[in-house]
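In case you want the letters, here they are:
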Amino acid sequence: MVLSREVLHRRALRLEWLTTAWNVVEAAVALTAGAISGSVALIGFGIDSLIEVLSAVALLWRLL
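Because the structure is predicted, anything quoted here is derived from the model rather than measured.

Scanning the protein chain from terminus to terminus reveals 2 helices and 0 strands. Taking 2.2 N^0.38 as the reference for a compact globule, 64 residues should give roughly 11 Å; the C-alpha atoms of the protein chain span a radius of gyration of 15 Å, well beyond that estimate. Counting only C-alpha atoms and orienting by the principal axes, one finds that the protein chain spans roughly 50 × 20 × 15 Å. Burial status across the protein chain gives 19% buried among its 64 residues. Sequence-distant contacts in the protein chain: of pairs separated by 6 or more residues, those separated by 24 or more amount to 51%. When the accessible surface of the protein chain is totalled, it reaches about 4900 Å², and 73% of it is carbon and sulfur.

This paragraph deals with helix α1 (residues 5-37). Between its first and last C-alpha atoms α1 spans 47 Å; for 33 residues at 1.5 Å apiece the expected length is 48 Å, and the two agree. Along α1, the residues that are buried comprise L13, E16, T20, N23, A27, A30 and G34. The inward-facing, buried residues of α1 contact α2 (40-63).

With that settled, the discussion passes to the side chain of E16. Considering the arrangement of structural elements, one finds E16 in helix α1. Of the side chains bearing the opposite charge, R62 lies closest to the buried E16, which forms no salt bridge; the N-O distance is 12 Å. If we ignore the near neighbours within four places in the chain, the residues touching E16 are A56, L59, L60 and L63.

We now examine the packing of α1 against α2. Put simply, α1 and α2 touch, their axes get as near as 8 Å, and they point 160° apart. Classified by the angle between their axes, α1 and α2 sit roughly antiparallel to one another. By crossing handedness, the relation of α1 to α2 is classed as left-handed. Taken together, the residues that form the contact of α1 with α2 break down as 20 nonpolar, 7 polar and 3 charged.

Below, the discussion takes up a nonpolar patch on the surface. Taken together, I43, I47 and I51 make up a surface patch of nonpolar side chains, about 250 Å² in accessible area. Note that I51 resides in helix α2. On the accessibility criterion, I51 (51% relative accessible area) is exposed.

Reading guide: rules and limits
Residues numbered from 1 in each chain as written. Predicted model: local features only at pLDDT ≥ 70, side-chain atom pairs only at ≥ 80, totals over all residues. Heavy atoms only, no water. Helix = DSSP H or I, 4+ residues; strand = E, 2+ residues; numbered from the N terminus. Rg over C-alpha atoms; globule rule 2.2 N^0.38 Å. Buried < 20%, exposed > 50% of the residue type's maximum accessible area, 1.4 Å probe, protein only. Contact = heavy atoms within 4.5 Å. Areas by Shrake-Rupley, 256 points an atom, 1.4 Å probe, with all protein chains shown as cover. Expected span 1.5 Å × (residues − 1). Lys, Arg positive; Asp, Glu negative; His and termini not counted. Salt bridge = Lys/Arg side-chain N within 4 Å of Asp/Glu carboxyl O. Axes fitted to C-alpha atoms, helices over the stretch in contact; angles between N-to-C directions. Parallel < 35°, antiparallel > 145°, perpendicular 65-115°, else oblique. Left-handed = near helix turned anticlockwise from the far one by under 90°. Nonpolar A, V, L, I, M, F, W, Y, C, P; charged D, E, K, R; others polar. Patch = residues over 30% accessible without salt bridge, like charges linked within 9 Å, V, L, I, M, F, W, Y side chains within 5 Å.

Structure below.
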């Protein structure tokens, strides 16, 4: 079964939107928890998640 280019493009967009949303939530939770607990590791993880969000937004820009 061969999927059309349009179907694959819609799947890619859906997956990238889901990934972006997940990373935004992940960053918010990690940064909040890190700030409350004073954990540098959690804050670093939150910043890493923000970098992943920037990457995902760049990919979305390319896919749209």
